[in-house]
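Close look at the chain arrangement
Here is what each chain is made of, one letter per residue.
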Amino acid sequence: MTLVQLDALDLSALLCSRVCHDVISPVGAIVNGLEVLEDESDASMREFALELIAKSARQASARLQFARIAFGAAGSAGASIDLADAEKVSRGMFSDDKTQLAWSAPQALYPKNKVKLILNLVVIAQSAIPRGGLIDVTVKGDGEAPTIVITAKGSHARIPPHVEALIAGTPEGGTVDAHAILPFYAGLVARAAEMDVTFAITGDMVTIGAVPTPEPAPHDAPPADDEPPETALA
């Protein structure tokens, strides 16, 4: 199938929609909590409102910090990102959630696009276990040729619909909307990082793997002009 190419403006608009979708819920909860504080005199309701505001502010901050690295520039072209920072923003994403995170990776600087790929695959892994569970991130090897394995284990685990085609850049129907932009973007990052992404499911566990794209096999040298082709008749 033909690789879908998004216009730069369309890509940025869809990614902005994704980020807004992620933060609008906690920001809306903060607004609701402030309205309660303005209108309520009951001490217990005011305490509840303050707890809601604090929790929602933490969620909004965590999601924005995650998006800054996963979708943003996070440094100049060719920059590296510390995997410890990737772990920190990932843990922030799950701090108040039904999903737990395990992380095993070197304390090292990795190329920016490879770190962005890890974070995008973590979000895809979360969508693979809609009822929550455990996401285990393992990164081995150096930054130039890492092996990434992310498992998502939980009730009703499944490979998210159409995710493999979206990562391959060949979405069904040849179009991408705001709901599909994250796996499509993950595919763009994977190709930029020269990584191949695979999915597998066994029972209640989905495994997402990413390894360096193999070097293409060299083509056989064409025969010299003065040599007859191998298919020539005697």
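Okay, so let's go over this structure. Computed from a prediction, not measured in an experiment: that's the story for all the values here.

**Quick notes on the nonpolar core**
Leu-121, Ile-124, Ile-135, Val-137, Ile-150, Val-197 and Ile-208 are the most contacted members of the largest nonpolar core, which has 55 residues in total. Top element by residues in this core is helix α4 (residues 112-128). It accounts for ten residues. With residues near it in sequence (within four places) discarded, Ile-150 still touches Ile-118, Leu-121, Val-122, Ala-125, Ile-135, Asp-136, Val-137, Val-206, Thr-207 and Ile-208.

**What about the state of the cysteines?**
In a disulfide, the sulfur atoms of two cysteines are held together by a covalent bond. Considering all chains together, one arrives at zero disulfides under this definition. Free cysteine: Cys-16, not disulfide-bonded; nearest cysteine sulfur from Cys-20 at 6.4 Å. Cys-16 gets classed as partly exposed once you look at its relative accessible area, which sits at 48%.

**Details of the packing of helix α3 (residues 83-94) against α4**
Interaxial distance between α3 and α4 falls to 10 Å at its minimum, and their mutual angle equals 20°. The orientation of α3 with respect to α4, classified from their angle, is roughly parallel. Here the hand of the crossing between α3 and α4 comes out right-handed. Contacts between α3 and α4 involve Leu-83, Ala-86, Val-89, Ser-90 and Phe-94 from the first element and Val-115, Ile-118, Leu-119, Val-122 and Gln-126 from the second. Looking at the contact of α3 with α4, its residues break down into eight nonpolar, two polar and no charged.

Rules and cut-offs
- Residues numbered from 1 in each chain as written.
- Predicted model: local features only at pLDDT ≥ 70, side-chain atom pairs only at ≥ 80, totals over all residues.
- Heavy atoms only, no water.
- Core = buried A, V, L, I, M, F, W, Y, C linked by side-chain atoms within 4.5 Å.
- Buried < 20%, exposed > 50% of the residue type's maximum accessible area, 1.4 Å probe, protein only.
- Helix = DSSP H or I, 4+ residues; strand = E, 2+ residues; numbered from the N terminus.
- Contact = heavy atoms within 4.5 Å.
- Disulfide = S-S within 2.5 Å.
- Axes fitted to C-alpha atoms, helices over the stretch in contact; angles between N-to-C directions.
- Parallel < 35°, antiparallel > 145°, perpendicular 65-115°, else oblique.
- Left-handed = near helix turned anticlockwise from the far one by under 90°.
- Nonpolar A, V, L, I, M, F, W, Y, C, P; charged D, E, K, R; others polar.

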